[in-house]
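As a plain string of letters, each chain reads:
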Amino acid sequence: MVSIIILALVVLLISIRRLGRYEIAMWQAMTLGAILVLITRQISFQQAILSINFEVIFFLLFMFILGSALELSGSLEYLAFKLFKKAKNVDLLILQMIFFFGILSSIFTNDTIAIVGTGLALILSRNHKIDTKLILLTVAFSVTIGSTLSPIGNPQNLIIAVEGSIPNPFLTFFKFNFIPMILNSFFAYLVLKFFFRKEFREEELIHEEVEIQDSSLAMITLISSIILVVLIIIKVIVAYLTPSNDFPLVYIAMVSAIPVIVLSKRRREILSEIDYKTLIFFVSMFILMESVFLSGAIQSTLDKLKLGSIGPLNILGVSVIISQLVSNVPASMILLPLVRNSVPHLWRLRQGQQSQGISQSWELHLT
């Protein structure tokens, strides 16, 4: 039960985000948990290394590189201006923001768009005298809802796609999430308009010109972005026509980031802007959750609770509650055993396997 106790401690720290007068970041709480299971020998160093899904880690690393370049070049801000300048009133602006940031999140991950979108939103709020809460909530809703459209839209989607070995993940996510994404985007707009009725005035908006900050870097990021989109299309086609020749998601991010790494003169600045804390969080999470899985506590608890027949609605309800307490990524790792247990005819657990040359000690496979 030591691993479970440590996991409970981590969940508590993530939930309260404070220990006395000290603020605890999510990555710090998760890292503490990983260190504790190693110190208490709940998992060996070798098992800890094998537990890390390097496909996820390197995918995030390469996407962070591309995201940093996009932010430093000012490309996304310029693109946003070109689109939003056609918004003649607040109604159109909010609608365009929801769908624009949502679609971009499904391609460049929601973290990247949230960072860029927040800065842009504050500029729009100041220029057009729009309530800051309305603008920022628009960004939050859009990147969250839009990121569900693809397996690379957010970290939890990536974990589910990689750990679950979902066949043709882009097509699968699009097939099941496109309509819900569209409906929820419109619903988010209606909710915002209901709670901020006074902000949706009819007066015409006047947009200020935005210039690209670094034209050379912008050109490089354009090349990388084109490569990213093309590789996504190729992966969808290959996975559909010849599944045996499919390639990992990490290859898409790696090849897309190469122009930035090789061609940019600002590579050191770009690398310094990477969110390394998130990478540490993921490494620590894999180690901690592997320790919990090895203890057998989750499997035993699920068996005792007789959750084998739990339905999708129950999974949805539990997911909503847990994700509010510990955030989406840890929640997805915690809930994977529940999903395996609830649909045993679809999933089987295999320990100590290697997927396409990348070490993984726990891997889900569709039967």
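Scoring rules and cut-offs
- Residues numbered from 1 in each chain as written.
- Predicted model: local features only at pLDDT ≥ 70, side-chain atom pairs only at ≥ 80, totals over all residues.
- Heavy atoms only, no water.
- Salt bridge = Lys/Arg side-chain N within 4 Å of Asp/Glu carboxyl O.
- Helix = DSSP H or I, 4+ residues; strand = E, 2+ residues; numbered from the N terminus.
- Buried < 20%, exposed > 50% of the residue type's maximum accessible area, 1.4 Å probe, protein only.
- Phe/Tyr/Trp six-rings, centres within 6.5 Å; stacked < 30°, edge-to-face > 60°.
- Lys NZ or Arg CZ within 6 Å of the ring centre and 35° of its normal.

> Could you give an account of the pattern of salt bridges, with specific residues and numbers?
Note on pairing: side chains with opposite charge can pair once their charged atoms come close. For the structure on display, the rule yields seven salt bridges. The salt bridge partner of R201 is E203, with a shortest N-O separation of 3.5 Å. Here D214 and R266 are joined by a salt bridge, their closest N and O atoms 2.9 Å apart. Highlighted residues: D214 in the loop between α10 (169-195) and α11 (215-241) and R266 in the loop between α12 (249-263) and α13 (267-272), separated in sequence by 52 residues. Take D214: its relative accessible area is 16%, and that puts it in the buried class. One continuous salt-bridge network, built from bridges that share partners, spans E199, R201 and E203.

> Describe the packing of aromatic side chains, listing the residues and the values that go with them.
This structure, assessed with the given rule, holds 10 aromatic pairs. A ring pair is formed by F100 and F101, whose centres lie 5.5 Å apart and whose planes are at 55°; its orientation type is tilted. Under the relative-accessibility criterion, F100 is labelled buried at 12%. A residue is classified by how much of its surface remains accessible, and F101, at 3% relative accessible area, is buried. Aromatic side chains F281 and F282 sit 5.6 Å apart centroid to centroid with 85° between the ring planes, which places their arrangement in the edge-to-face category. The residues F281 and F282 share a single accessibility class, namely buried. In textbook terms, an aromatic cluster arises when at least three aromatic residues are bridged by ring pairs, as seen for F54, F58 and F62. Positioned over the ring face of F247 is K235, at 5.2 Å from the centre of the ring.

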